[in-house]
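Chains, contacts and geometry: an overview
So the chains spell out like this:
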Amino acid sequence: MDPMHEIARQAIEQTPPAIRVTPEQASVIAAHADELLALGPEIVQAFYDTLYGHEPTEAVFGEGERPMREQTLVDWWTRTVRGPIDDNYWSWMAMVGLIHVIRRVTNPMMLAMAEFVADFVAANQGRLGLPPEEAHQVAEAFRRVAGMTGSVITWGYDHAVSSALFEVAGMPEALLARLRDAEIEEALVGARQEVGN
Ligand code: HEM
């Protein structure tokens, strides 16, 4: 299996089925692609206003990069709402995660912005021109997509970091994991004292 497909599969398998994107939810999104696409320009604007409005996230971007980044988000939005949200979609998200690692986009930044998109859709569900129950289903489906995007991307991030360490240190991943656990156990002693718990 291709590595990106494998990373996405592992991430999805770790999440309880009850909170994955169901085929019905994927269909609900695709069935309302036109209404969702109409929200695209506003989401993209708000997304980058938020990132450029905060120093640590703004610092990720190079001079004059914003128009290019806006276009990549438009492409992501279009592909997401048109579907299909399938194995290929999740393997693409795994790759997008790796692309972000190289640019020093951290997991807290990614998770916060996945949440941002879900919140935006929920807050604007009344403007989709759908009956309230249907609009609510669309917003709920998007929340699942955002959650699973976070799972796939953070797993891809961990995987990228540990396999890079493996390449550099030349140590089997299982040994690295044991050494990591031993270090963390030691750090936890100090952490417990600090937190008082
Ligand atoms: C839900 C969250 C996010 C999604 C869905 C997303 C999506 C994407 C996509 C689809 C690409 C294009 C990848 C490609 O070339 O195929 C991209 C690139 C990029 N994104 Fe994001 N992004 C997210 C969050 C962020 C955040 C939080 C930042 C910065 C703080 C960021 C900064 C960038 C940068 C700098 C690139 C260009 C990478 C490169 O090619 O050098 N993204 N993003």
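Residues numbered from 1 in each chain as written. Predicted model: local features only at pLDDT ≥ 70, side-chain atom pairs only at ≥ 80, totals over all residues. Heavy atoms only, no water.

**Some points on the UniProt feature "domain: Globin-sensor" (unreviewed entry) in the protein**
Per the UniProt entry, the sites bearing "domain: Globin-sensor" (unreviewed entry) are residues 18-145 in this numbering. With 76% helix and 0% strand, residues 18-145 has end C-alpha atoms that lie 13 Å from one another. (UniProt positions renumbered as here; feature names shortened; annotations may be inferred. Helix = DSSP H or I, 4+ residues; strand = E, 2+ residues; numbered from the N terminus.)

**Quick look at the site of the ligand**
Near the ligand there are 19 residues, and of these Arg69, Ile99, His100, Arg103 and Met110 occur at the shortest range. The cavity that encloses the ligand is the largest pocket. Among the elements of the structure, helix 3 (33-52), helix 5 (66-82), helix 6 (87-102) and helix 7 (107-123) are those that each provide at least two residues to the shell around the ligand. Residue composition of the shell around the ligand, grouped by class: 13 nonpolar, three polar and three charged. (Near = heavy atom within 4 Å. 1 Å grid on protein atoms, 1.4 Å probe; cavity = no way out; pocket = protein on both sides within 12 Å on 5 of 7 lines; lining within 4 Å. Sits in = over half its atoms within 2 Å of the grid points. Nonpolar A, V, L, I, M, F, W, Y, C, P; charged D, E, K, R; others polar.)

**Some points on the packing of helix 3 against helix 5**
Taken N-terminus to C-terminus, the directions of helix 3 and helix 5 make an angle of 145 degrees; their axes are 9 Å apart at the nearest point. The handedness of the crossing between helix 3 and helix 5 is right-handed. Looking at the contact of helix 3 with helix 5 residue by residue, the class counts come to 13 nonpolar, four polar and six charged. (Axes fitted to C-alpha atoms, helices over the stretch in contact; angles between N-to-C directions. Left-handed = near helix turned anticlockwise from the far one by under 90°.)

**Structural notes on unusual backbone geometry**
In this model, glycine 83 is joined to proline 84 through a cis peptide bond whose omega is -5 degrees. Tracing the backbone shows proline 84 in the loop between helix 5 and helix 6. Look at arginine 104: it is not a glycine, yet its phi comes out positive at around 60 degrees.

**Looking at the nonpolar core**
One finds Ile29, Leu36, Phe47, Trp77, Trp90, Phe142 and Val152 to be the most contacted residues of the largest nonpolar core, which totals 43 residues. Mapped onto this core, the elements with two or more residues apiece are helix 1 (3-14), helix 2 (23-31), helix 3, helix 5, helix 6, helix 7 and helix 8 (132-169). Broken down by element, the residue count for this core peaks at nine residues, all from helix 3. Setting aside chain neighbours within four positions, we find tryptophan 90 in contact with Ala8, Ile12, Val21, Ile85, Val145, Met148, Thr149 and Val152. Of all hydrophobic cores here, the second largest spans five residues; its members include Val60, Met109, Met110 and Ile153. (Core = buried A, V, L, I, M, F, W, Y, C linked by side-chain atoms within 4.5 Å. Buried < 20%, exposed > 50% of the residue type's maximum accessible area, 1.4 Å probe, protein only. Contact = heavy atoms within 4.5 Å.)

**Considering the packing of helix 1 against helix 6**
One way to put it is that helix 1 packs onto helix 6 with a least axis distance of 8 Å and a crossing angle of 100 degrees. Of the possible angle classes, the one that applies to helix 1 and helix 6 is roughly perpendicular. Seen from helix 1, the contacting residues are Met4, His5, Ile7, Ala8 and Ile12; seen from helix 6, they are Asp87, Asn88, Trp90, Ser91, Ala94, Met95 and Leu98. When the residues that make up the contact of helix 1 with helix 6 are grouped by side-chain class, the tally is eight nonpolar, three polar and one charged. (Parallel < 35°, antiparallel > 145°, perpendicular 65-115°, else oblique.)

**Quick word on the layout of surface pockets**
For the largest pocket, the calculated volume is near 700 Å³. Forming the walls of the largest pocket are 31 residues, and the residues nearest its centre are Tyr48, Leu73, Val96, His100 and Met110. Every element with two or more residues in the lining of the largest pocket is listed here: helix 3, helix 5, helix 6, helix 7 and helix 8. Empty space within the second largest pocket amounts to approximately 190 Å³. The wall of the second largest pocket is formed by Asp158, Val161, Ser162, Leu165, Glu173, Leu176, Ala177 and Arg180. Secondary-structure elements contributing two or more residues to the lining of the second largest pocket are helix 8 and helix 9 (173-195). Grouping the amino acids of the lining of the second largest pocket by side-chain chemistry returns four nonpolar, one polar and three charged. (Points joined across faces, edges and corners; volume = space filled by probe spheres on them.)

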